[in-house]
Structure formats: structure tokens, C-alpha cells
Number of protein chains: 2
Amino acid sequence: MAKEITDRSENYSQWYNDIVRKAGLAEHSAVRGCMVIKPTGFAIWEKIQSQLDSMFKETGHINAYFPLFIPKSFLSKEAEHVEGFAKECAVVTHHRLMNNPDGPGVVVDPSAKLEEELIVRPTSETIIWNTYKDWIKSYRDLPILINQWANVVRWEMRTRPFLRTAEFLWQEGHTAHATKAEAIEEAQQMHEVYARFAEDYMAMPVIKGAKSANERFAGALETYTIEALMQDGKALQAGTSHFLGQNFAKAFEVKYLDNNNKEQFVWATSWGVSTRLIGALVMTHSDDDGLVLPPKLAPLQVVIVPIPKPNGVILEHAEKIVAELKAKGISVKIDRDKKNRPGFKFAEYEMKGVPVRIGLGMRDIENNQVEIARRDTKEKTNVPMDGCADYVAKLLDEIQDNLFQRAKAYRDDHITEVDSYDAFKEALEQKGGFIKAHWDGTTETELKIKDETKATLRCIPEDDGGEGKCIVTGNPSKQKVIFAKAY
Amino acid sequence: MAKEITDRSENYSQWYNDIVRKAGLAEHSAVRGCMVIKPTGFAIWEKIQSQLDSMFKETGHINAYFPLFIPKSFLSKEAEHVEGFAKECAVVTHHRLMNNPDGPGVVVDPSAKLEEELIVRPTSETIIWNTYKDWIKSYRDLPILINQWANVVRWEMRTRPFLRTAEFLWQEGHTAHATKAEAIEEAQQMHEVYARFAEDYMAMPVIKGAKSANERFAGALETYTIEALMQDGKALQAGTSHFLGQNFAKAFEVKYLDNNNKEQFVWATSWGVSTRLIGALVMTHSDDDGLVLPPKLAPLQVVIVPIPKPNGVILEHAEKIVAELKAKGISVKIDRDKKNRPGFKFAEYEMKGVPVRIGLGMRDIENNQVEIARRDTKEKTNVPMDGCADYVAKLLDEIQDNLFQRAKAYRDDHITEVDSYDAFKEALEQKGGFIKAHWDGTTETELKIKDETKATLRCIPEDDGGEGKCIVTGNPSKQKVIFAKAY
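Residues numbered from 1 in each chain as written. Chains lettered and ligands numbered in written order. Predicted model: local features only at pLDDT ≥ 70, side-chain atom pairs only at ≥ 80, totals over all residues.

Points about the overall build of chain A
Step number 1: For chain A, the count of helices and strands is 14 helices and 26 strands.
Step number 2: A compact globule built from 487 residues should have a C-alpha radius of gyration of about 23 Å, and chain A, at 26 Å, falls within 12% of that.
Step number 3: A fraction of 66% describes how many contacts in chain A between residues 6 or more apart in sequence connect residues 24 or more apart. (Helix = DSSP H or I, 4+ residues; strand = E, 2+ residues; numbered from the N terminus. Rg over C-alpha atoms; globule rule 2.2 N^0.38 Å. Contact = placed C-beta atoms within 7 Å.)

Below, the structure is given as C-alpha cells:
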């Protein structure tokens, strides 16, 4: 079989595009910037969704659904928000088409112009806080802990499947609280949930921290972020959680009566992750042979390939193994195709990232064994057929752990601490990855670094390591912060 | 407590709106025609979604996601489709806002006009068949069995929560087949799945049948429908499944090479149900005291109310019951509120449609019993505390069944067979419901009836009962068909 995937070392960006296409994750659509999420890609999203949804529910949240459209005037109610979001977006101006009077096809009916234009939501703070206004009267109505699974649109000029698309799928939590402390606690709690999900399910190590003022969400007082490192040494922001203060409550006049019967503005958070996580998954674990998926998020965990092709005896044994695996909650299928050769199939399943492959031929059956191949290391082992389901269950855990450890070793190896701007530039160019350095806390210095090196301030991490002097200005710095080139 | 819900007999339409609002299902939003689906309403949708999704997967379907936007030109590629769908829709014409040069706020940037307008999908046949074109080359690529969960927008002028809204949530299946027979079988299979879901989960009896040519989906050769009857005697179309022939394949040039290496057009189906089902649920079972939900779709199945309020001893016993119910997969909560009285709480839970309420006071504990109230009949029974979880599990099944039988008795009582147009009009005015009558098979007669009586042809049912003469024209009729006034 011809090699279908470009090597990472040759062209990393092409490698990513090849995997997305060849593993059947997504493709471009006829609409500029919008992707089609294909069945395999969507099955990964369903896994992500189902796990996150249960983590949100465990922390007391419930789902609801708010309108796709936002009246244009809402966007300008919160001053910073409009600067950050209102500009590149899909604007609905009319509500009717009509037959083209001058030829075939349809045209916009000029008489069906909307009084006020509607924006396809780029994020839903404004429409949701306009709704909360009617829901919140007293402290007894608080907190409100709502999440929404939805599509959003941001008119991006340069798009890449999953990483940056005009339309994407996401969840957005929007909570309302009586006190500042409670809202900060909520934002931090969801930050922890995201970090736990990234590490325990995506097997993707993340650095937790706060964004600088310059990188904060438009309208937030504090943005917490989890930052992951891709295999090309670029950072990817994987999930953010915002403490919004009373900004949206003030913009939409959302007040409550406290238990002293005094009117107070409500405190807010919002938090979200998106289909971008699928791009992060691909770029964290995959290799030059295709997709590598952590077992906990793999739509198909095990495939059984009859060698050299299916027959009655092999299928009978395979079905017994399937029953045992399914009883353990492991997803598995038998490849019943009779046309292609085992080598072709092996390459296919490697490309699609199935974590464990079981080879089963007549000789294996005679020897009462199966051949088990793991996708992460490509190792093969012969295992007794009896009890092989136990072996596979353990192996899936081991793969999950190995992927995390491997990604963590790479990530840790790509955190460089520097004490001068020259060392900073050198590390960035030579090695890439995260650069830890002292910074004077000003947006001016941050933008100078971005301007001169293309590295952005990814986060102000929790483990700070103490005071020092800014690598650019020499001014006092409270702690080292994390820079990187980023997606 | 003041009665909060209008009686059905007084004002049916207001009764529906009261339940939707008071049970916390949905409310109007700031965007004309778009609703906010509130947490309780959305939790019902999650139950519907999860059950249908597993039924789709059991029948071999997988999920994917296609763009929200459809290029305007796509809509006019299938001639009938554009007539049925292209007219009232949300049209995106621009992709940027800018600060208002003449004052505060933002305005549409006139320089950011799209070359081709984009339509927010009213349904996705066109964008999906444009995609399938690249996926289908040979008979080996068929069938494609894909479903999508999505939001869609149809610019409705008169809207009502769930029943008719500009934006709604739904699923749309889009399948591609090598043969006509296989596509028809698929459309019929999904028709059966919808009927089974309606009856077994929603406890809502339906009449299965085909639509007349006039009532078919725009672009379909055959539309199968399930028709339910609401308590005001009006019909509600609850789910449709379409055999699309080769219309979309021809419009988008989707061909495959058959096993004789001959080019053939692909055969298509599509099928969908929407958040409208929540409106159907409300109107099938609820009463003048509020929402009544079938246990299989109730987000909360059991509530335990301490009498007169919670104390340590009561909570200890309640938690034991909770553990037993949860072990049986039953959702349950304890009302821990200390402020409101039992009578108030009872009315609240009745309004919200919780199927079973358990009352638990100190005297009950002394007598080793609990009081169990069922929402459907309002009956109360004292039951021994030991084994009460078994009792509740059985009771939930009984309620599910009783709701179906009750709705079926009402529905059956409201099917009137008539042999003359006068009897038709009289039955429609006096009794409402479904009217079964002979019809000559012409659109002309169908529209005359609609025009004169407001009754539409709901479906041509499967159990036909033989030939006869049309009640309007006296011309030959192949079988009786079903008419009703409808939502």
C-alpha cells in the first residue's frame, strides 16, 4: 500500500491535514470556512460530549438551549465584548427569498428586510444575560448553573479543520451567582474540570493558569486557561473559564434582592470547550502512520481481524471474544471483509487509530492464542485465548496511561526556563515549546515580545517560583510566565 | 395556592401556554419566533434524544454534522424543494459589523457583503447531497446511513413554543442507497421506528400512513407520517419519513458504478422529528393541574416529600429509599426545602409532572409505611416501607401503560367514519378528531375540503378497509383516508 500520510518531519501542517482527511474525521464543505464533521470525527465528539456532560452534571449544572440569533443591539451593550466579538460574524438581514424575476433561481426578497439585523451567535453571553434578567429577582433564584451544547459562528479568514473554523460545535456554561467569591470559585472549579478531562480522558497534559489582561476573553475580569503542547512545539489553548464580574449583569441590568432586601448586581462566569479539542487530540498523540487515540475517547477500541480472512471457525472464536469484551464495556468489531489482505487492513486500522488490534488465524486457534497489537507502540504479543479479554482490558488502561506519559515527557522536555531575552529567542527558534520567563506584567512588553518573536503569553501559571526581573525591560516581575507560539 | 393553570375547557390554547410556562419548559426570547428551551424542557429533549439516538444506532445509523449554512444557489437545484422551502428563511448577506460612524453601537459593514448569500438551513438535503457527491463512487460506498442532530430555522409568521418556532432542534436522517427497493424499505423502517418511539416511550398512540401528493415533503415521492391526536381534537404530525427517489441525486449529480460497471443515480431517503414532540407530549397527557409525563421520558421520575418538613430521622429513611430506587435505575430526589408546606409542594410537583410522589412523615415511619401518589390518576396508597422500591418500579410501568391506554381510548373514541360530506362536516364540528372517509384521490377534492372545512388530509392509513365512493365527488375511491384539523 502506498503511504498516504505525509511525515511530520517533512510537513507538519500537511501531516495534520492528511490525518484529518484519511482517518475520516472531517472535510471542507461548499461553504467557506465551514467543515463537514464526518462520522468518525463526530463519534469522537460524542465521546467528548458524553464525558464532559456527565462531569458538568456531577458539579450541579443543567442544560438548556438559547436562540441561535442575537439582535445586533445586544452585542454593543457590553463595551469590551463588542470590541472582541462583534466584528467578524454572520449577519442575517432578510427573512425571505423569491423567484428571480429576471431568470432562473431565487433572489433575496428586498421587501423582507429585518428591522434589526440578527447576528448568528459567536458566543451567547448577551442573549443569555438578557434572559437571566427575567429569571433572577431574589437571592433565592441564585445560583443559576446552566450549560448549553450548541453551534457558533465566527467569520474566520484563515480556517483549518477543527482548529479554526467559521462554524464550530461547543458547550458554553453560563452561571449567575450572588457573590463574587462564589463566581470565582465556579470559574476555578470548571477550570479544574477541564484540566481533569484533558489529562484523564484526552491523555493530554496541560498547564493551568490565568490569561494576561491582553489575552482575556472580551468582557472578563479573569480568564483561566488550560494550555497544551502540540508535537510541532506550538501551544494550543484547549479550554477557558471566565470570571466575568458584574459586567454582563450591569449591561443587561440583572439585579437581585439580597437577604437584607438590598438590590445587588449579579456575578457571572462563562466557560467553554469546542470541537477544537479533536484537533488537539490528533496533534498530541498521532504519528506518521495515522491517528492515535486514547482508549477512553476512541469510538472503536478493539478490532478483530481474521487471518488471512474470515471463515466459520475463526468467526465463531472471534464472536466469543467479542462477547467477553462487550461484557466489560469495551467497544469492538470483527472485520468481516473478505477482499482485502491483512496487511492492508492493519494499515487501515492504524491510520484510523483503533487502540488495540487482535489478529486471529487458524494456527492461533490451534495454539489457543491470539495476536494482540497495540496502536501506541506498535508492539505485538501472543496471548492465550482464554482470558484474553482481561488482557485487553488491562492493555487499554496501559495505553491510556502510556499516551499521557509520552505526551507529558515530550511536553516537560519542551518547557525551557530562560533568564534573558536572547536565551528566550534562541529557545523559541531552536526548540519551540513553552518558554518560562520573567515578565514585568505590562501589555506593552507582552506585545513587544509578540511583535518581535510571534510568541504570545499563554498563561500565568499556578506554580510561580517567585519574583525576578523582566527579560525584556529588567523591571520587577512577580513570577515567571509561559510564552509560546500558538495555534 | 391560587390556581395557576387555565382549565382546558375554558381556553385550550391558554392552558397549553400556561403549562409550558409554569412547568418551566420554554419561554419566548428577545428574538422573534425563537424560544428559550428551559432546563426542564431541555431535560425532556435529552431523554427523547438519547432514546431515539440508540434506536437509530441499533438500525445501523451513525451521526455526522453538516454546515449550518447553505449557499443560496443550492436551494434552487431541486425544483420542487425550492418551492416548498426556499421562501421563508434566514438569509445571511454580510460577514462583518463595524462601529457606527454616526453614533453609538454597531452597524453592518457594507464592504463585507457576501458574493453569494447563505441561507440558515431549513433542512439539509441540499448541502448533504452536495457532499455525498464526493463520497459515492461505486456500489461499495453504499448504503450511507447518516443522521444529524441539529438546529434549523424556518421563518414562521405565527409561532407557538415547541409546536411552531422559527428555530427548532431536530434530527434529520439522510440515507443513500443503490436501489429503489432498499430506499423504500429504509423510509418504511424509520417510519416504524418513529411509531414505536411515539407509542412505547411517549405513550402517544399514532396512526401510520402515507401523505397525499399535496401534503408530501417538497421533493419526495412518498412521505410516511405518524399522526397523533391532541386533547382538543386536533391532529399533530409527529414524525415524517421520506422516500426521495432520485430527485436529489439528479439535482446534485450523485451517481455510482453498479456491479456491472454501469453508472446509476443514487436513491435517497430523509426522515426527521423535532422539539415539536415536546408540544405533543404536553398536549397528549397533561391535565388542568399541569404537566403529565410518561415515566420513560420524565427527567425526574420520583420525588420524596418529607411531611411536614425534613428532619434527621425522615431524611435517613428517605435516603435509604433513594438508594434502593437508584439501584433500579429510577431517578429520584428528596425535597429538602424547609419553608413551603406539603400542600404547596404537592401542587408544584403535580404541575411539573413528576410521575410518582412519596410522602414520608414521622407517623409513616412509626407504621413502617410510605404514602405513594401517582400523578396520572392522583390516587394515593399506603405501602409498606420495606419493598416500596419494588412497588414504585412496578407503578412506573403501570403509569406508562395507563397513559398510553388513556390516550388511545380518547383517540379511538375520536375516530369517526362517515359516508357523506354532511356527516363529515357535522362530525368535524361536533366532535373533532380524525374523520375517516372515502376520497377520490385528487388534490382538487382535497383542497376543496380544506377550503370549506379547514380539515386537511392527514394520511392514507395502512388499514384501508376497501373501496368506495368519494364523499365529495362520488367518484371511485380506493380506500378511506384520514382527515382532521391539525396543528
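What to know about the packing of helix H9 (residues 312-327) of chain A against helix H12 (residues 388-413) of chain A
Residue and element names in this part refer to chain A.
Step number 1: The contact between H9 and H12 brings their axes to 9 Å, and the two run at 50 degrees. In terms of orientation, H9 lies oblique with respect to H12. For the pair H9 and H12, the sense of crossing is right-handed. On the side of H9, the interface is formed by Ile-321, Glu-324 and Leu-325, while H12 contributes Cys-388, Ala-389 and Val-392.
Step number 2: Tallied by class, residues from the contact of H9 with H12 come to five nonpolar, no polar and one charged. (Axes fitted to C-alpha atoms, helices over the stretch in contact; angles between N-to-C directions. Parallel < 35°, antiparallel > 145°, perpendicular 65-115°, else oblique. Left-handed = near helix turned anticlockwise from the far one by under 90°. Nonpolar A, V, L, I, M, F, W, Y, C, P; charged D, E, K, R; others polar.)

Looking at the relation of the copies chain A and chain B
Step number 1: Mapping chain A onto chain B calls for a screw motion: a turn of 180 degrees about the axis and a shift of 0.0 Å along it, with 0.0 Å RMSD after fitting. Accordingly, the operation relating the two chain copies is best matched by a two-fold axis. Judged by C-alpha distance, Val-92 of chain A is the residue of chain A that lies nearest the rotation axis, at 2.1 Å.
Step number 2: Same-surface contact between copies: 100% of interface residues of chain A are shared with the interface of chain B. (Least-squares fit on C-alpha atoms with pLDDT ≥ 70 in both.)

Overview of the interface of chain A and chain B
Step number 1: Across the boundary between the two partners, chain A contributes 50 residues, which contact 50 residues of chain B.
Step number 2: Of the residues forming the side of chain A that touches chain B, the biggest block, 10 residues, is contributed by strand E5 (residues 88-99) of chain A.
Step number 3: By residue class, the composition of the side of chain A that touches chain B is 31 nonpolar, 11 polar and eight charged.
Step number 4: Here E5 of chain A runs beside strand E5 (residues 88-99) of chain B; their pairing, made up of five bridges, is antiparallel. Counterpart to Glu-88 of chain A in the pairing with E5 of chain B is Arg-96 of chain B. (Pairing = 2+ DSSP bridges.)

Topic: helix H12 (residues 388-413) of chain B
Step number 1: Between the first and last C-alpha of H12 of chain B there are 36 Å, a value that for 26 residues agrees with the 38 Å anticipated at 1.5 Å per step.
Step number 2: Every buried residue of H12 of chain B is listed here: Cys-388, Ala-389, Val-392, Leu-395, Leu-396, Ile-399, Gln-400, Leu-403, Phe-404, Ala-407 and Arg-411 of chain B. (Expected span 1.5 Å × (residues − 1). Buried ≥ 20, exposed ≤ 12 C-beta atoms within 10 Å, placed from the backbone.)

A few points about unusual backbone geometry
Step number 1: Cis geometry is found at the peptide bond from Leu-142 of chain A to Pro-143 of chain A, where omega equals -5 degrees.
Step number 2: Take Pro-143 of chain A: it is sitting in the loop between helix H5 (125-135) and strand E8 (144-153).
Step number 3: A cis amide bond links Ile-307 of chain B to the next residue, Pro-308 of chain B, at an omega of -5 degrees.
Step number 4: Positive phi outside glycine occurs at Lys-454 of chain A, with the angle close to 70 degrees.
Step number 5: With respect to the helices and strands, the residue Lys-454 of chain A is situated in the loop between helix H14 (443-453) and strand E23 (456-461).
Step number 6: The phi angle at Asn-261 of chain B is positive, at roughly 65 degrees, despite the residue not being glycine.

Observations regarding the environment of Ile-5 of chain A
All names here are of chain A.
Step number 1: Tracing the backbone through its elements, the reader meets Ile-5 in the segment before helix H1 (12-22).
Step number 2: C-alpha separation for the pair Ile-5 and Pro-295, spaced 290 residues apart in sequence, amounts to 22 Å.
Step number 3: Filtering out sequence-adjacent residues up to four positions away, Ile-5 remains in contact with Trp-15, Asp-18, Ile-19, Lys-22, Asp-288, Asp-289, Gly-290 and Met-351.

Observations concerning the domain arrangement of chain A
Residue and element names in this part refer to chain A.
Step number 1: Along its sequence, chain A is organised into domain 1 (30-68 + 122-285), domain 2 (300-395) and domain 3 (416-484).
Step number 2: With 16 residues of domain 1 in contact, the opposing surface of domain 3 contributes 16 residues.
Step number 3: Examining the composition of the side of domain 1 that touches domain 3, we find that four residues originate from one element, strand E10 (residues 207-210), more than from any other.
Step number 4: Per-class residue counts for the side of domain 1 that touches domain 3 are five nonpolar, five polar and six charged. (Domains from an automatic or database assignment.)

Things to note about the sheet that holds strand E16 (residues 302-307) of chain B
Note on sheets: strands pair through backbone hydrogen bonds, and any given pair is parallel or antiparallel.
All names here are of chain B.
Step number 1: Spatial ordering of the open sheet is given by E17-E16-E18-E19-E20, a layout of five strands whose pairing is mixed. Of all strands in the sheet, those bounded by a partner on one side alone are strand E17 (332-334) and strand E20 (380-384). Each strand axis lies, on average, 25 degrees off the axis of its neighbour in the sheet, ignoring direction.
Step number 2: In this sheet, E17 lies alongside E16 in parallel orientation, the contact comprising three bridges.

What about the pairing of strand E9 (residues 167-177) of chain A?
All names here are of chain A.
Step number 1: With 10 of 11 residues buried, E9 lies mostly within the body of the structure.
Step number 2: Bridge analysis of E8 against E9 gives 10 bridges, and the strand direction is antiparallel. Residue pairing for E9: Ile-146 is matched across the bridge by His-174.
Step number 3: Here E9 runs beside strand E15 (residues 267-274); their pairing, made up of eight bridges, is antiparallel. For Gln-171, the partnering residue across the bridge sits in E15 and is Val-273.

Some words on the sheet that holds strand E9 (residues 167-177) of chain B
Residue and element names in this part refer to chain B.
Step number 1: The strand order across the open sheet formed by 11 strands is E3-E8-E9-E15-E12-E11-E10-E23-E26-E22-E21, and the pairing between neighbours is mixed. Both edges of this open sheet fall to strand E3 (62-63) and strand E21 (415-417), since each of them pairs with a single strand only.
Step number 2: Judged from the four bridges that link them, strand E10 (residues 207-210) and strand E11 (residues 222-229) form a sheet pairing that is antiparallel. Paired with Ala-210 across the strands is Tyr-224, a residue of E11.
Step number 3: Its contacts with the sheet place helix H5 (residues 125-135) against strand E8 (144-153), E9 and strand E15 (267-274), and it is angled at close to 35 degrees to E9.

Observations concerning the nonpolar core
Step number 1: One finds Ala-198 of chain A together with Ala-198 of chain B to be the most contacted residues of the largest nonpolar core, which totals 300 residues.
Step number 2: Once you skip the residues sitting within four places of it in the chain, Ala-198 of chain B turns out to touch Met-204, Val-206, Ile-226, Ala-228 and Ala-238 of chain B. (Core = buried A, V, L, I, M, F, W, Y, C linked by C-beta atoms within 7 Å.)

Digging into the environment of Lys-234 of chain A
Residue and element names in this part refer to chain A.
Step number 1: In this fold, Lys-234 is placed in the loop between strand E11 (222-229) and strand E12 (235-245).
Step number 2: Take Lys-234: there are 16 C-beta atoms within 10 Å of it, and that puts it in the partly exposed class.
Step number 3: Each C-alpha atom, one on Lys-234 and one on Ala-486, is 4.9 Å from the other, the two residues being 252 residues apart in sequence.

Some words on the environment of Val-370 of chain B
Residue and element names in this part refer to chain B.
Step number 1: One can find Val-370 in strand E19 (residues 369-374).
Step number 2: For Val-370, a count of 23 C-beta atoms within 10 Å gives the class buried.
Step number 3: Residues Val-370 and Asp-386, spaced 16 residues apart in sequence, show a C-alpha to C-alpha distance of 9.4 Å.
Step number 4: Apart from the residues within four sequence positions on either side, Val-370 is in contact with Ile-358, Gly-359, Leu-360, Asp-364, Val-383, Met-385 and Cys-388.

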